[in-house]
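One letter stands for each residue in the lines below.
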Amino acid sequence: MPTGVSFPTYEALTASLTDVAARHPHLVELASLGRTHRGREVWLLTVTDRRTGPPEAKPAVYMDGNIHAEELTAGAAVVHLLDRLIGGAVDDPDIQDLLQRRTFYLVPRANPDGADIVQTTPYPWVGNGRRLPPLVPERGLYYDDIDGDGLVLWMRRPDPDGEWKTSDRDARLMVPRGPGERGGVYYRLFPEGRISAYDGGAVLVSRPQDGNLNRHFPADWDPDEYGGGPLPLSEPESRAIAECLVARPNIGVAIACHTHGGVLLPPDPPSEVPFPFEDRELFTAINKLGEQTTGYPAISVLRDFTVPGMPRRHGVFNDWAYLHLGMLAYTVELWDVIAEAGIARQDRQPFHPLTEDQQIQLLRWNDQALGGDGFVPWRPFTHPELGAVEIGGWKYIQVFRNPPTTSLLEREVDKVARFVLELAAALPELRVSATVRMVGPDLYLIGAVVANGGYTPTSVTAVGARRVGSVTLDLEVADGMTLVMGSQHLTLPHLSGRSERPVPWNPWVRQWTPNAHRVEWLIRAPRGGTVAITAATARAGAQRLEVRLGAPD
Ligand SMILES: [Zn+2]
């Protein structure tokens, strides 16, 4: 059984999305957010039951995947949610209900050029393919498939000063040489590739100048960030995504799917950036919900997911979506081969060095679960610059960056779908109700209550309250009616949700804010007339209510 899942090509994906939209016109609309520099479309699917209102009038979830070229699984997670929604529209009452009340904006392949390069060439870390690999530097080693087996693996070269030796317990495994260790066979380890301008001295490895679309967003963007580009949103893919979110103020939840690590990453702002207590509390509660639905721990990007000694990341989508747009934003890192092999570890950062025991355990898992196919045994090769080397190692993209089998893939993507459906259900939802009392001849007192029936506040987050317009209440009256008291257009503060009230009221906790407002109008009108009341706010939808003024004569 060859290791690695076969993901759809851009053409196959485009055909299947087009087909889904054509077969379900009342549910799915397919549009392009923008075109890549190699002429591919960044597809957006807008999914909602249009019979209950247009997409923009409903609270919404945004979800994308595969912004990093190698992370095809992340795109499969978005397609899986689409499948769940389409399938559930037929026979799942919970999904039917959600589709009536919510909109899902789905971007299954945020970086189609990069994905295509990963699917058709052996190169890892290709960004969006603005510069096609192999990226040949002036000096130093660069990735290349020098033995032509379709994979970029590792090279080991015998060297008496080398840092590595072969494990006594498994000849495939390279383990560190001890600080004072002498007299054995030692190796240097390098990524598989060629060396530009090699002078026989140190082999230096150049970082591929691939461009990292998830360092392009205008939150804490830094020109020195690796892959951040010359200015924020400098590539068409990142710009298309940013414009998509800004143009859709009904989006309250943003989910960026990535691999790997098997973790949920809520925003983790630097300590000097304000992080309102209400939002900390909300994210803490949603972290728990996410852990229960996915089995992935919710961890801190900086403390638990950053290589020690490396700076914090800049220009990340998730930070921008929360800090600038006030969305409930999560990065989901799908799939963790380390955990799959049953290896426990303290931190979750994906470049954590494993102990020899842990690596042996990983190889055993490979032997049992994959028939040994996830690791290519070392084979001699004559390198054009280095001479005699051996090439071998893990099939990194097929085993670490993506689950190696279809059944593992299906299990992982369903975890994310469950979480996203829970988040959609937790969004705010305006409700309006009214009473009418006749207080004199042709004189009516109308009382309306606008309330939030959802879990999160109507702004979704405290930051969001500054980003989206507050609640509006509009009264439409017919010809021949006179408004005696009250205003036809009212602007009301945002309403809290159930999330504000994790414990019963007591005087020593954060005090409640209103989850409903009541207003009154006095109208002179002929008996039997009708007025309409509309409550709206971008992230909690709109509701229109018609009110009859007494019984007709
Ligand atoms: Zn990623």
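No experiment lies behind these values; they were computed from the predicted model shown. (Residues numbered from 1 in each chain as written. Predicted model: local features only at pLDDT ≥ 70, side-chain atom pairs only at ≥ 80, totals over all residues. Heavy atoms only, no water.)

J.: Quick rundown of the overall build of the protein chain? Include the residues and the values.
T.: Regarding its fold elements, the protein chain presents 13 helices and 23 strands. Dimensions along the principal axes, computed over C-alpha positions, put the protein chain at roughly 105 × 55 × 45 Å. Here the protein chain, with 553 residues, has 54% of them falling under the buried criterion. Summed over all atoms, the accessible surface of the protein chain reaches about 23900 Å², with 54% contributed by carbon and sulfur. (Helix = DSSP H or I, 4+ residues; strand = E, 2+ residues; numbered from the N terminus. Buried < 20%, exposed > 50% of the residue type's maximum accessible area, 1.4 Å probe, protein only. Areas by Shrake-Rupley, 256 points an atom, 1.4 Å probe, with all protein chains shown as cover.)

J.: Before we move on, could you go through the coordination of the zinc ion and cite the residues and values that matter?
T.: Looking at the zinc ion, one finds its protein donor set to be H68 (ND1), E71 (OE), E71 (OE) and H258 (ND1), positioned 2.0 to 2.4 Å from the metal centre. Coordination at the zinc ion is irregular, judged from the four donor atoms that bind it and the angles of 57 to 142° they form at the metal. (Donors = N, O, S within 2.8 Å, 3.2 Å for Na, K, Ca; no water. Tetrahedral: all angles 85-135°; square planar, octahedral: opposite > 155°, others 65-115°.)

J.: Can you tell me about the sheet that holds strand 16 (residues 430-440), naming the residues and giving the values?
T.: Strand order in the open sheet made by the four strands is 16-17-21-19, with antiparallel pairing throughout. Among the strands making up the open sheet, the edge pair consists of strand 16 and strand 19 (482-485). Shown here is a sheet whose adjacent strand axes are inclined to one another by a mean of 30°, direction ignored. In the sheet, strand 19 pairs with strand 21 (residues 516-524) via three bridges, with the strands oriented antiparallel. Note on strand 21: the bridge partner recorded for T482 is R524. (Pairing = 2+ DSSP bridges. Axes fitted to C-alpha atoms, helices over the stretch in contact; angles between N-to-C directions.)

J.: Residue-level account of the environment of R303, with values.
T.: Looking at the secondary structure, you find R303 in helix 7 (residues 301-304). Its relative accessible area of 64% is what places R303 among the exposed residues. Once the C-alpha coordinates of R303 and D347 are considered, the two residues, 44 residues apart in sequence, prove to be 8.8 Å apart. A polar side-chain atom of R303 sits 3.2 Å from a polar atom in the side chain of D304. (Polar contact = N/O pair within 3.5 Å; in protein donor to acceptor, adjacent residues only side chain to side chain.)

J.: Can you tell me about the sheet that holds strand 1 (residues 28-35), naming the residues and giving the values?
T.: Read across the open sheet, the seven strands follow the order 1-2-4-3-11-13-12; overall the sheet is mixed. Only two strands of the sheet have a single partner each, and these edge strands are strand 1 and strand 12 (263-265). For this sheet, the mean inter-axis angle between neighbouring strands, taken without regard to orientation, is 20°. Relative to strand 4 (residues 103-107), strand 2 (residues 41-47) runs antiparallel, the two sharing three bridges.

J.: Could you give an account of the side chain of R102, naming the residues involved and the relevant values?
T.: Checked against the element boundaries, R102 lands in the loop between helix 3 (93-101) and strand 4. A polar side-chain atom of R102 sits 3.5 Å from the main-chain carbonyl oxygen of A425. There is a polar contact of 2.9 Å between the side chain of R102 and the side chain of E429. Excluding its chain neighbours within four sequence positions, the residues that come into contact with R102 are V47, T48, K58, P59, A424, A425, L427, P428 and E429. (Contact = heavy atoms within 4.5 Å.)

J.: An account of the packing of helix 6 (residues 277-294) against helix 12 (residues 406-425) is requested, with residue identities and associated values reported.
T.: Two numbers describe how helix 6 lies on helix 12: the axes approach to 8 Å, and their chain directions differ by 145°. With respect to the hand of their crossing, helix 6 and helix 12 are arranged in right-handed fashion. Where helix 6 approaches helix 12, its residues I286, L289, G290, T293 and T294 are matched on the opposing element by K415, R418, F419, E422 and L423. Along the lines of polarity and charge, the residues of the contact of helix 6 with helix 12 split into four nonpolar, three polar and three charged. (Left-handed = near helix turned anticlockwise from the far one by under 90°. Nonpolar A, V, L, I, M, F, W, Y, C, P; charged D, E, K, R; others polar.)

J.: Before we move on, could you go through the nonpolar core and cite the residues and values that matter?
T.: Side chains that are nonpolar tend, in soluble globular proteins, to be buried together. Counting 112 residues, the largest nonpolar core has Y62, M63, F104, L106, L245, F317 and L362 as its most contacted members. When residues in this core are grouped by element, the largest group, ten residues, is from helix 12. Apart from the residues within four sequence positions on either side, L106 is in contact with W43, L44, L45, V47, M63, V78, L81, L82 and L85. Among the nonpolar cores identified, the runner-up in size contains 23 residues, and I446, L473, A535 and A540 belong to it. (Core = buried A, V, L, I, M, F, W, Y, C linked by side-chain atoms within 4.5 Å.)

J.: I'd like a description of the packing of aromatic side chains, backed by residues and values.
T.: Counted according to the given criterion, the structure contains 13 aromatic pairs. Centre to centre, the rings of F283 and Y322 are 5.2 Å apart; their planes meet at 90°, and the pair counts as edge-to-face. In this pair, F283 is assigned in helix 6 and Y322 in helix 8 (residues 317-323), connecting sequence segments 39 residues apart. On the basis of relative accessible area, Y322 is assigned to the buried category, the value being 0%. Judged by centre distance (5.4 Å) and plane angle (85°), the rings of F375 and W394 are edge-to-face. With F375 in strand 14 (residues 375-383) and W394 in strand 15 (residues 387-394), this residue pair connects regions lying 19 residues apart in the sequence. Assigned by exposure class, F375 and W394 land together as buried. A cation over an aromatic ring shows up here: R156 above the ring of Y187, its NZ or CZ 4.8 Å from the ring centre. Positioned above the aromatic ring of Y105, the side-chain terminus of R248 is 5.4 Å from the ring centre. (Phe/Tyr/Trp six-rings, centres within 6.5 Å; stacked < 30°, edge-to-face > 60°. Lys NZ or Arg CZ within 6 Å of the ring centre and 35° of its normal.)

J.: Can you lay out the pairing of strand 20 (residues 489-492) for me, pointing to particular residues and giving the numbers?
T.: The alternating pattern of strand 20 places L490 and L492 on a buried face, while none of H489 and T491, on the opposite face, is buried. Of the pairings in the sheet, the one linking strand 18 (residues 471-476) to strand 20 comprises four bridges and is antiparallel in character. Among the inter-strand pairings, D474 is bridged to a residue of strand 20, identified as H489.

J.: Before we move on, could you go through a nonpolar patch on the surface and cite the residues and values that matter?
T.: Residues V307, M310 and F351 make up a contiguous nonpolar surface patch of roughly 270 Å² in combined accessible area. With respect to the helices and strands, F351 occurs in the loop between helix 9 (337-340) and helix 10 (356-369). (Patch = residues over 30% accessible without salt bridge, like charges linked within 9 Å, V, L, I, M, F, W, Y side chains within 5 Å. Salt bridge = Lys/Arg side-chain N within 4 Å of Asp/Glu carboxyl O.)

J.: Summarise the pattern of salt bridges; cite the residues concerned and give the values.
T.: Applying the stated criterion across every chain yields a total of 41 salt bridges. The salt bridge involving E235 is made with R130; its shortest N-O contact spans 2.9 Å. Note that E235 is positioned in the loop between strand 10 (193-196) and helix 5 (236-246) and R130 in the loop between helix 4 (112-120) and strand 5 (140-143), a separation of 105 residues in sequence. Exposure remark for R130: the relative accessible area of 39% places this residue in the partly exposed category.

J.: Outline the side chain of N250, supporting the account with residue identities and numerical values.
T.: Take N250: it is sitting in the loop between helix 5 and strand 11 (251-259). The class of N250 is buried, set by a relative accessible area of 3%. In this structure, N250 is in contact with P55, E56, K58, P59, A60, Y105, A538 and R539, ignoring residues within four places of it in sequence.

J.: So what's going on with the packing of helix 2 (residues 72-91) against helix 12? Which residues, and what values?
T.: Each pair of packed helices gets described by two things: the angle between the helix axes and the distance between those axes. The interhelical angle for the contact between helix 2 and helix 12, taken along N-to-C directions, is 60°, at an axis separation of 8 Å. Overall, the two elements helix 2 and helix 12 adopt an arrangement that is oblique. Classified by chirality, the crossing of helix 12 by helix 2 is right-handed. Of the residues in helix 12, those touching helix 2 at T73, A76, A77, H80, L81, R84 and L85 are L409, V413, D414, A417, R418, V420 and L421. Taken together, the residues of the contact of helix 2 with helix 12 break down into nine nonpolar, two polar and three charged. (Parallel < 35°, antiparallel > 145°, perpendicular 65-115°, else oblique.)

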